[in-house]
Amino acid sequence: MASTSEIRRRIGSVRQTQKITHAMYLISQAKLRKAKQELDNTRPYFQALQNEVGRVFNTDSTVESRYLMPLNDNEKPLPGVAACLLITADKGLAGAYNQNLLKFLKSHCGDDPKARFYVVGQTGYRALLHKDPRLVEDFLYSGQ
């Protein structure tokens, strides 16, 4: 059985760890709040941009661009080679974000052997490096 002084030392150690963990929680909460505020500040810009692009393409129903994918599966595929820009995180601390992006990529471009992949971020690069020969170029350290 441990002595009283060892138990007190252990209790003190656990309390110090709790303080550090709580401080880390407060810092991450503040960063999340700041990121949400920045997102809310940029929303009007992207909504206006989306409205303008939609307005431009809605004025002419015959607009065909090789950069636009068909919205329906029933529409004919566009000519040319498909290219996908995959933007992933540099670290693995993004939850399921990176894995969901890779699943989405494989579901939309997985069958096309001519498709080309351009990757931003370490996680996507490592996932496609040896597994997929369609990786054309990677942009590393872009977040820095």
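Look up a bit, the structure's there.
Report follows, based on the coordinates. Bear in mind that the values here come from a model prediction, so they are computed numbers and not experimental data. (Residues numbered from 1 in each chain as written. Predicted model: local features only at pLDDT ≥ 70, side-chain atom pairs only at ≥ 80, totals over all residues. Heavy atoms only, no water.)

1. Examining the packing of aromatic side chains
Per the stated rule, a full pass over the model turns up 1 aromatic pair. Relative to Phe-46, the ring of Tyr-45 has its centre 5.0 Å away and its plane inclined at 75°; by these criteria the two rings are edge-to-face. (Phe/Tyr/Trp six-rings, centres within 6.5 Å; stacked < 30°, edge-to-face > 60°.)

2. Examining a nonpolar patch on the surface
A surface patch of nonpolar side chains, about 400 Å² in accessible area, is lined by Tyr-45, Phe-46, Leu-49 and Val-53. Note on placement: Val-53 falls in helix H1 (residues 4–59). For Val-53, a relative accessible area of 40% puts it in the partly exposed group. (Patch = residues over 30% accessible without salt bridge, like charges linked within 9 Å, V, L, I, M, F, W, Y side chains within 5 Å. Areas by Shrake-Rupley, 256 points an atom, 1.4 Å probe, with all protein chains shown as cover. Salt bridge = Lys/Arg side-chain N within 4 Å of Asp/Glu carboxyl O. Helix = DSSP H or I, 4+ residues; strand = E, 2+ residues; numbered from the N terminus. Buried < 20%, exposed > 50% of the residue type's maximum accessible area, 1.4 Å probe, protein only.)

3. Here's the deal with the pattern of salt bridges
Side chains bearing opposite charge may pair, as long as their charged atoms lie close to each other. Applying the stated criterion across every chain, the model contains 1 salt bridge. Here Arg-43 makes a salt bridge to Asp-40, at a shortest N to O gap of 3.5 Å. A residue pair is termed a helical-turn pair when its members lie 3 or 4 positions apart in one helix, as Arg-43 and Asp-40 do in helix H1 at 3 residues.

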